[in-house]
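# Per-entry structural report
Spelled out, the chains give:
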Amino acid sequence: MTRPPSPEAALTEAMAAIAPRNVLTGCRVIGDADEAHLLPEEARSMPARQPAMRRASGAARWIAHRLLADAGISDLAIPRAPSGAPVWPDGIIGSLAHDDEMAVAAVAPVGGIVSLGIDVEPAEPLPDDIFAIVATGADRTGAADPRLAGRILFAAKEAVYKAAYPLDRQVLGYEDIAVDLDAGRATTKTGRKVSLAYCVAPRVVVLAFVGE
């Protein structure tokens, strides 16, 4: 009997299938000691964070370090900026995210794509009270699984914010981002156009990216 793939293996494959060319993606189930994967500069950049957040940050950076190594960049720290965003090495763009159990990362060389955002969520319906905050009349979920459409929409807006903020330096609320999942795009209140791709097995992951 064929054993089903692990959650990490299944999500790794699903993310690779939606990633644009030159974008490397990866994931990791968050472990009890993953804060040990923080490099010294990274650890210093988040001294007051809660243990669970440090573990998640360590897991996400463990992935990113390995993706960067695949791109020929080794032993470079990805510290946390005061804004909370990761600070990437020159010539690299990327994004990190985690939920309570899984961390994900996406990285790419600068060129073609100028900004990236990623978010991960459990593949479960979004609570109604949160959906009421996230969704607007301008959003289109189209053919997305109705049970998960709200969760995908939430993750899409989180990923879009991560992709748009480095370019526009505008704080965006959920109401400031209009998402069309079928078209694979979003538009912010500043007029920024962001492309989207998502997968839903075994977790909801959305990639947002801005081309040149």
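Look up: the structure comes first, before these words.
Described below are features of the structure shown in this document. (Residues numbered from 1 in each chain as written. Predicted model: local features only at pLDDT ≥ 70, side-chain atom pairs only at ≥ 80, totals over all residues. Heavy atoms only, no water.)

### Let's talk about the side chain of Lys-157
Operational definition: Starting at the N terminus, helices and strands are each numbered in turn, a helix being any DSSP run of H or I of at least four residues and a strand any DSSP run of E of at least two. Note on exposure labels: buried denotes an accessible area under 20% of the residue type's maximum, exposed denotes more than 50%, and partly exposed covers the range between, all computed with a 1.4 Å probe on protein chains only. N or O atoms within 3.5 Å of each other form a polar contact, as long as, within protein, one can give a hydrogen and the other can take it, and as long as residues adjacent in sequence are counted only when both atoms are side-chain atoms.
Looking at where Lys-157 falls in the secondary structure, it is placed in helix 5 (residues 149-168). Since its relative accessible area comes to 1%, Lys-157 is described here as buried. Only 2.8 Å separates the side chain of Lys-157 from the backbone oxygen of Val-134, close enough to count as a polar contact.

### Describing the pattern of salt bridges
What counts, and what does not: The term salt bridge refers to a pairing of a side-chain nitrogen on Lys or Arg with a carboxyl oxygen on Asp or Glu at a separation within 4 Å.
Across all of its chains, the model carries seven salt bridges by this definition. The salt bridge partner of Arg-203 is Asp-99, with a shortest N-O separation of 2.6 Å. Residue Arg-203 is located in strand 8 (residues 203-211), and its partner Asp-99 is located in the loop between strand 2 (92-98) and strand 3 (102-109); the two are separated by 104 residues in the primary sequence. Taking relative accessible area as the criterion, Asp-99 reaches 11% and is therefore assigned buried. Between Lys-157 and Asp-139 there is a salt bridge, and its shortest N-O distance comes to 2.9 Å. Of the two residues, Lys-157 sits in helix 5 while Asp-139 sits in the loop between helix 4 (128-134) and helix 5, which places them 18 residues apart along the sequence. The exposure class assigned to Asp-139 is buried, which follows from its relative accessible area of 10%. Here the salt bridges share partners, and the residues they tie into one network are Asp-99, Glu-101 and Arg-203.

### Let's talk about the pairing of strand 3
In the case of a regular strand, side chains alternate between the two sheet surfaces. In plain terms, the rule: In this description, strands pair whenever DSSP reports at least two bridges between them.
Counting buried positions along strand 3 gives seven out of eight residues, so the element sits mostly inside the fold. Relative to strand 3, strand 1 (residues 24-29) runs antiparallel, the two being bridged by six bridges. For Cys-27, the partnering residue across the bridge sits in strand 3 and is Val-104. Turn length for the strand 2-strand 3 hairpin, with the two strands adjacent in sequence and antiparallel, is three residues.

### Brief notes about the environment of Ile-133
Its place among the elements puts Ile-133 in helix 4. Overall, the relative accessible area of 57% leaves Ile-133 in the exposed class. Along the backbone, Ile-133 and Tyr-174 are 41 residues apart, and their C-alpha atoms lie at a distance of 7.3 Å.

### What about the nonpolar core?
To be explicit about the condition: Residues belong to one nonpolar core when they are buried, are Ala, Val, Leu, Ile, Met, Phe, Trp, Tyr or Cys, and are joined through side-chain atoms within 4.5 Å. For this analysis, residues touch if any pair of their heavy atoms sits within 4.5 Å.
Ile-152, Val-160, Val-179, Leu-196, Val-206 and Ala-208 are the most contacted members of the largest nonpolar core, which totals 25 residues. Mapped onto this core, the elements with two or more residues apiece are helix 5, strand 5 (177-180), strand 7 (193-199) and strand 8. Considering each element in turn, this core owes the most residues, ten residues, to helix 5. The contacts of Val-206, once residues within four sequence positions are left out, are Gly-117, Ile-118, Asp-119, Ile-152, Ala-155, Ala-156, Ala-159, Leu-196, Ala-197 and Tyr-198. By size, the runner-up hydrophobic cluster in this structure holds 22 residues, among which are Ile-93, Met-102, Ile-118 and Leu-207.

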